[in-house]
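Residues per chain are reported as follows:
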Number of protein chains: 4
Amino acid sequence: MVQRVRAQAVIDAVVAKADEDGHGVAVAVVDAAGTLVAFARTDAALIGPVEVAQKKARTAALFGTDSIDLGRDAQPGGAIYSIEHTNGGLISFGGGIVLRDGDTVIGAVGVAGATLDADEDLARLGAATF
Amino acid sequence: MVQRVRAQAVIDAVVAKADEDGHGVAVAVVDAAGTLVAFARTDAALIGPVEVAQKKARTAALFGTDSIDLGRDAQPGGAIYSIEHTNGGLISFGGGIVLRDGDTVIGAVGVAGATLDADEDLARLGAATF
Amino acid sequence: MVQRVRAQAVIDAVVAKADEDGHGVAVAVVDAAGTLVAFARTDAALIGPVEVAQKKARTAALFGTDSIDLGRDAQPGGAIYSIEHTNGGLISFGGGIVLRDGDTVIGAVGVAGATLDADEDLARLGAATF
Amino acid sequence: MVQRVRAQAVIDAVVAKADEDGHGVAVAVVDAAGTLVAFARTDAALIGPVEVAQKKARTAALFGTDSIDLGRDAQPGGAIYSIEHTNGGLISFGGGIVLRDGDTVIGAVGVAGATLDADEDLARLGAATF
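Predicted model only: the values in this text are computed from it and were never measured.

### A closer look at the pairing of strand 4 (residues 104–112) of chain D
Residue and element names in this part refer to chain D.
Stage number 1. Here strand 4 lies mainly inside the structure; seven of its nine residues are buried.
Stage number 2. Judged from the six bridges that link them, strand 1 (residues 26–31) and strand 4 form a sheet pairing that is antiparallel. In the sheet register, Ala28 faces strand 4, and the bridge partner there is Gly110.
Stage number 3. Judged from the six bridges that link them, strand 3 (residues 96–101) and strand 4 form a sheet pairing that is antiparallel. For Arg100, the partnering residue across the bridge sits in strand 4 and is Val105.
Stage number 4. Counted between consecutive antiparallel strands, the loop separating strand 3 from strand 4 contains two residues, among which Gly102 sits at a positive phi close to 65°.

Rendered as structure tokens:
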């Protein structure tokens, strides 16, 4: 279980860094079933990333795999091509990072709206505070 | 525009009161387009309210009408019966309250997971802090 | 968490009684997020109940309320009319029973395919073995 | 027709082997129309595989082709590219195996959640017990 207070701490860390770096982002923390625990959108964020951040987190949680890794194998010709169309649609690029309690997957954080590299870095920063 | 900091203050007020009263709730703040700005689910909340809270907020924002008022007229035989099936599905009971800046609708807050009356009271409390 | 072995025991109990009574049924056990843990369809069952049983279980789990009770308030004019259109569609009649661990909702069992009364009785029988 | 008792035997064989090998898996047995007959998720399984296992079985049953074979031709540039978007979404990698009665396709078994190779081996094991 991802407790609300810990989820909020992840959100706060990502938002603070994104604001500092001048990135508008959406940040989502979900539980192991991909259901939302906490979310924030910064004032500079666009609208598209609101869903993307949630899907990045959902992708990582549902398969216990950071979205950048799942995405590598979900490319055309890849070992699990077509998996991105399951579970309501997954995200096959970076920015979704698994949250673990020991070895157990208990949720994930997803960030979208900055550059692809910055989304990934911000999500990793968020996961590191967990 | 609903600024993130103000949205978070609404969430925090609702979460604090819900925890104090022993209610597990989901709380969503959306902008005038019904898009999520901030969200939290307390540790005692069930999963169903996660979507319901967002739809309550969305309902109130999209029509500038608290969900309990829209719901009254959306009953079978009511003046706007069937409107609840538009916009991806609306909620026709209490717990979604419009957020205004002067006379302008700028968003809404939705609460679900407690009793129907408590959801409405918590959403009003959240809106009052706005 | 609903462990697989316990979920299977619920399924087995319902299937045995349904076969004995000559009812073709679908039986689903889900976790607190409404995700399937175990499922069986008896040889005499029709196809429609396959989804209905899962939605009954999902309804009960997501709101911590037996589907017959949620359904009573979701009728036109009822206090939560329109809730049945959330969360991918809920079931507002009997046959979905909450599974608890102490006071905590950890899942639900859903039965469909017999008569409405028999579905409810079978689901209660399954929950009682839990 | 895939009788429930035979479907359950397939599930039991796969679950026993997956538990022995330390893999968390979801296992689905469907009929020739792709409709669920029996399903189980082991305690170590993640949530994403729940849908993937069902889609693997569905893919194999609907086209009478093991999912790994269908997937080979459904890659971009392949002979049946785009078929993976029909029938509610198919799976174009291993883990879905056809169940036959003589030459007649009567259903399929799908396994997801272990490694790609292990999913395929487990599904073949399940089909072999049929």
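Next, the rest of the story.
### Some remarks on the sheet that holds strand 1 (residues 26–31) of chain B
Stage number 1. What the eight strands build is an open sheet, ordered 3(A)-4(A)-1(A)-2(A)-2(B)-1(B)-4(B)-3(B); its pairing is antiparallel. Edge positions in the open sheet fall to strand 3 (96–101) of chain A together with strand 3 (96–101) of chain B, since each of these has one partner strand only. Ignoring which end each strand starts from, the neighbouring axes of this sheet average 15° apart.
Stage number 2. Strands strand 1 (26–31), strand 2 (36–41) and strand 4 (104–112) of chain A together with strand 2 (36–41) of chain B of the sheet are contacted by helix 1 (residues 4–21) of chain A, whose axis makes an angle of about 25° with strand 2 of chain A.

### Things to note about the pairing of strand 2 of chain A
Residues in a regular strand project their side chains so that they alternate between the two faces of the sheet.
Stage number 1. Buried residues dominate strand 2 of chain A, accounting for six of its six residues.
Stage number 2. As paired strands, strand 1 of chain A and strand 2 of chain A are joined by five bridges and run antiparallel to one another. The residue bridging Val27(A) from the neighbouring strand is Ala40(A), located in strand 2 of chain A.
Stage number 3. Counting the residues in the hairpin turn of strand 1 of chain A and strand 2 of chain A gives four residues, including Gly34(A), whose phi is positive at 85°.
Stage number 4. Pairing of strand 2 of chain A with strand 2 of chain B involves three bridges; the strand directions are antiparallel. Directly across from Ala38(A), in strand 2 of chain B, lies its bridge partner Ala40(B).

### Here's the deal with the relation of the copies chain B and chain A
Here the second copy of the chain follows from the first by a rotation about an axis and a shift along it.
Stage number 1. Note on the copies: chain B fits chain A at an RMSD of 0.1 Å, the axial shift is 0.1 Å, and the rotation between them is 180°. Such values leave the two copies arranged in the relation of a two-fold axis. When each C-alpha of chain B is compared by its distance to the rotation axis, Phe39(B) comes out closest, at 2.4 Å.
Stage number 2. A shared binding surface is used by both copies, with 95% of the interface residues of chain B retained as interface residues in chain A.

### What about the packing of aromatic side chains?
Stage number 1. A full pass over the atoms with the stated rule returns zero aromatic pairs over all chains.
Stage number 2. Above the ring of Phe130(A), the side-chain terminus of Arg6(A) is found at 3.9 Å from the ring centroid.

### Re the confidence of the model for chain A
Stage number 1. Confidence along chain A averages 96 in pLDDT terms, with 100% of residues attaining 70 or more.
Stage number 2. Here the complex is predicted with pTM 0.97, and the ipTM for its interfaces comes to 0.96.

### Details of the nonpolar core
Stage number 1. Counting 78 residues, the largest nonpolar core has Ile83(A) and Ile83(C) as its most contacted members.
Stage number 2. Beyond its immediate chain neighbours, meaning those up to four positions away, Ile83(C) contacts Val52(B), Phe93(B), Phe63(C), Leu70(C), Ala74(C) and Leu90(C).

What counts, and where the lines are drawn
- Residues numbered from 1 in each chain as written.
- Chains lettered and ligands numbered in written order.
- Predicted model: local features only at pLDDT ≥ 70, side-chain atom pairs only at ≥ 80, totals over all residues.
- Heavy atoms only, no water.
- Buried < 20%, exposed > 50% of the residue type's maximum accessible area, 1.4 Å probe, protein only.
- Helix = DSSP H or I, 4+ residues; strand = E, 2+ residues; numbered from the N terminus.
- Pairing = 2+ DSSP bridges.
- Axes fitted to C-alpha atoms, helices over the stretch in contact; angles between N-to-C directions.
- Contact = heavy atoms within 4.5 Å.
- Least-squares fit on C-alpha atoms with pLDDT ≥ 70 in both.
- Phe/Tyr/Trp six-rings, centres within 6.5 Å; stacked < 30°, edge-to-face > 60°.
- Lys NZ or Arg CZ within 6 Å of the ring centre and 35° of its normal.
- pLDDT = per-residue confidence, 0-100.
- Core = buried A, V, L, I, M, F, W, Y, C linked by side-chain atoms within 4.5 Å.

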